[in-house]
Amino acid sequence: MDRSLMKLGIAFFIGCFCPVAAAAHGETGVTSDQAMKMLEDGQARYQRGQLIHPHQDQAQRSLTVAKGQHPFVTVLSCADSRVPVETIFDQGIGDVFVVRVAGNVANTDEIGSIEYGVGHLGTPLVVVMGHSKCGAVTAVVTGAEVHGNIAALVANIIPASTAAKKAHPDLHGDELVAHAVRANVFQSIGDLLSHSGELKEMVSEGKVKVVGAVYDLESGKVEWLGAHPDQARLLTEEKNASPAHAAPEKTT
């Protein structure tokens, strides 16, 4: 089947049977800079302990059922239970389209979900957010043995671990993990832009911004890392076939 027809059929199905999810690109009504400001303001409230818990009542639930969801940002974050994205940014129902997975990796499922967020829901901003003391990153950096499907999942983190070790050969333990966490954020952004022609096109046209961030578990502060340092190169490269990296070998 022609790809364009397949996409049209999927969009029609979602629009007909999942009205909460039906929203065309651009219907959020905010720019990427405005979306960033909304996140920064909510983050500041969270750090001050002055949460206002917006959009969490019956009126908001009814609105999103009747009018569909119109989130202003798509966030790829770790599945760690200590990283509640909506709370960290003091947002509510329908505000944030969140994709959570251990190690905030960007593989096929995550990339497809993010494409849905930007292409169908129309979010102008994508945030890839890692966090301090990430268990998935730590496992790769330390060569810990992992079981089942976890090995394939954390394989995407290997390039970030390798880059951190190369850039900081004298560091070990928590200090090295901290650098690997940052490198892994950019690794995920790189995987997104390398394996999603749709997202790459939107970023190139200025319709969407993709930025990195790291959340500190202790302080509750989000450090903004900005765009990928090699974004210009990534936007001009050909789309790669698969985002998966080689799985790590088990250690004994």
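Rules behind the numbers
Residues numbered from 1 in each chain as written. Predicted model: local features only at pLDDT ≥ 70, side-chain atom pairs only at ≥ 80, totals over all residues. Heavy atoms only, no water. Phe/Tyr/Trp six-rings, centres within 6.5 Å; stacked < 30°, edge-to-face > 60°. Helix = DSSP H or I, 4+ residues; strand = E, 2+ residues; numbered from the N terminus. Buried < 20%, exposed > 50% of the residue type's maximum accessible area, 1.4 Å probe, protein only. Salt bridge = Lys/Arg side-chain N within 4 Å of Asp/Glu carboxyl O. Contact = heavy atoms within 4.5 Å. Pairing = 2+ DSSP bridges. Axes fitted to C-alpha atoms, helices over the stretch in contact; angles between N-to-C directions. Polar contact = N/O pair within 3.5 Å; in protein donor to acceptor, adjacent residues only side chain to side chain. Core = buried A, V, L, I, M, F, W, Y, C linked by side-chain atoms within 4.5 Å.

S.K.: So what exactly am I meant to see when it comes to the packing of aromatic side chains here?
M.R.: Each pair of aromatic rings is reported with the distance of its centres and the angle of its planes. By the definition in use, this model includes two aromatic pairs. Centre to centre, the rings of Phe 97 and Tyr 116 are 5.9 Å apart; their planes meet at 40°, and the pair counts as tilted. Of this pair, Phe 97 sits in strand β2 (residues 96–100) while Tyr 116 sits in helix α5 (residues 108–119), and the two are 19 residues apart along the sequence. Note on Phe 97: relative accessible area 17%, which makes it buried.

S.K.: Help me out: how do you make sense of the pattern of salt bridges in this one?
M.R.: Pairing between side chains becomes possible if they bear opposite charge and their charged atoms approach one another. This structure, assessed with the given rule, holds nine salt bridges. When the shortest N-O distance is used, the salt bridge between Lys 37 and Asp 41 registers 2.9 Å. On the criterion of helical spacing, the pair formed by Lys 37 and Asp 41 is a turn pair, its members being four residues apart in helix α2 (residues 32–48). Among the residues examined, Asp 41 registers a relative accessible area of 33% and is labelled partly exposed. The partner of Asp 90 in a salt bridge is Arg 45, with the nearest N and O atoms 2.6 Å apart. Pair noted here: Asp 90 is in the loop between α4 (85–88) and β2 and Arg 45 is in helix α2, with a separation of 45 residues, a long-range link. For the residue pair Asp 90 and Arg 45, the accessibility class agrees, reading buried in each case. Three or more residues are tied together by salt bridges with common partners; here these are Asp 230, Arg 233 and Glu 237.

S.K.: Any chance you could explain helix α6 (residues 135–142) here in plain terms?
M.R.: If you check which residues of α6 are buried, you get Ala 136, Val 137, Ala 139, Val 140 and Val 141. Residues of α6 that are buried make contact with α7 (150–154), α8 (158–167) and α9 (173–195). Within two residues after α6, Gly 143 carries a phi angle of roughly 70°, on the positive side.

S.K.: Which parts of the structure should I look at to understand the sheet that holds strand β5 (residues 222–226)?
M.R.: In a beta sheet, neighbouring strands are held together by backbone hydrogen bonds and run either parallel or antiparallel to one another. Taken in spatial order, the five strands make up an open sheet running β2-β1-β3-β4-β5, and their pairing is mixed. Only two strands of the sheet have a single neighbouring strand rather than two, namely β2 and β5. The sheet shows a mean angle of 25° between the axes of neighbouring strands, direction not considered. Across seven bridges, the pairing between strand β3 (residues 125–131) and strand β4 (residues 209–215) is parallel. Residue Leu 125 lies in a different strand from β4, and its bridge partner there is Lys 209.

S.K.: What am I meant to see in the environment of Thr 236 here?
M.R.: Turning to its location among the elements, Thr 236 is positioned in helix α11 (residues 231–236). Residue Thr 236 is classed as exposed on the basis of its relative accessible area of 64%. For Thr 236 and Leu 193, which are 43 residues apart along the polypeptide, the C-alpha to C-alpha distance reads 9.9 Å. A polar contact of 2.9 Å, which involves the side chain of Thr 236, links it to the backbone oxygen of Arg 233.

S.K.: I keep staring at unusual backbone geometry and nothing clicks. Help me out?
M.R.: A negative phi holds for most residues other than glycine; trans holds for most peptide bonds. For His 53, which is not a glycine, the phi torsion comes out positive at approximately 50°. Take His 53: it is sitting in the loop between α2 and α3 (58–67). A relative accessible area of 46% means that His 53 is categorised as partly exposed. Phi at Lys 133 takes a positive value of approximately 55°, unusual for a residue other than glycine. With respect to the helices and strands, Lys 133 occurs in the loop between β3 and α6.

S.K.: Before we go on, may I ask you to explain the nonpolar core in this structure?
M.R.: Across soluble globular proteins, nonpolar side chains have a tendency to be buried as a group. Counting 39 residues, the largest nonpolar core has Val 126, Val 137, Leu 192, Leu 199 and Val 208 as the members making the most contacts within it. Mapped by element, the contributors of at least two residues to this core are β2, α5, β3, α6, α9, α10 (197–204), β4 and α11. No other element matches α9, which puts nine residues into this core. Leave out the neighbours within four places in its chain, and Val 126 touches Thr 74, Ile 114, Val 118, Leu 192, Leu 199, Val 208, Lys 209, Val 210 and Val 211. If you look at the next biggest cluster of nonpolar residues, it comprises 18 residues, including Ala 35, Phe 72, Val 75 and Tyr 215.

S.K.: Help me understand the side chain of Asp 80 in this model?
M.R.: Counting through the fold element by element, Asp 80 comes out in the loop between β1 (73–77) and α4. Relative accessible area serves as the criterion here: at 15%, Asp 80 is assigned to the buried category. Residues in contact with Asp 80, not counting those within four places in the same chain, are Arg 100 and His 131.

Read these as spatial facts, not as claims about activity.
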